[in-house]
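Close look at the chain arrangement
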Amino acid sequence: MLVKFAKESYTIPAGKAVSSKLDSPQAIVIASGRVWLTVEGVEADHWLTAGESFTLPADRLIVIEADKQASLIEMATGKLPAPAAQLPKRQASHIGAGKAQTA
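Right, let's walk through the structure included here. Computed from a predicted structure; not experimentally measured.

Section: the nonpolar core
In this structure, F5, I28, L37, F54, L56, I64 and I73 are the most contacted members of the largest nonpolar core, which totals 19 residues. Mapped by element, the contributors of at least two residues to this core are β1 (9-12), β3 (26-32), β4 (34-39), β6 (53-56), β7 (62-66) and β8 (71-75).

Here is the structure:
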């Protein structure tokens, strides 16, 4: 599902994905669950779990997929977390349960 990340939070059903391109960098915080994050042009994908954050870059396709349970992501306000390059990378096989869809 293509979204604009204009709301304060999003619940992503298990195995489903949301995707977007942002006009400016925006931080997300994983409030619950576990997600697979893919950012266009970034070599490694990331697994993020509850309590972790990530700064999404502008002008790149972003795909966020919930793992085996619904996941809640919140759009962070104020100070942005460390840039993606400084976050630990977690490479793993893509869960592949859901595919991003455009609306």
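There is more to say, and it comes next.
Brief notes about the sheet that holds strand β5 (residues 46-49)
Sheet strands associate in pairs through backbone hydrogen bonding, adopting either a parallel or an antiparallel arrangement. One open sheet accounts for four strands, arranged β2-β7-β4-β5; its pairing is antiparallel. The open sheet terminates on both sides in strands that have one partner only, identified here as β2 (17-20) and β5. Ignoring which end each strand starts from, the neighbouring axes of this sheet average 20° apart. Strand direction decides the pairing type here: β4 and β7, joined by five bridges, are antiparallel. The residue of β7 that forms the bridge with W36 is E65.

Definitions and cut-offs
- Residues numbered from 1 in each chain as written.
- Predicted model: local features only at pLDDT ≥ 70, side-chain atom pairs only at ≥ 80, totals over all residues.
- Heavy atoms only, no water.
- Core = buried A, V, L, I, M, F, W, Y, C linked by side-chain atoms within 4.5 Å.
- Buried < 20%, exposed > 50% of the residue type's maximum accessible area, 1.4 Å probe, protein only.
- Helix = DSSP H or I, 4+ residues; strand = E, 2+ residues; numbered from the N terminus.
- Pairing = 2+ DSSP bridges.
- Axes fitted to C-alpha atoms, helices over the stretch in contact; angles between N-to-C directions.

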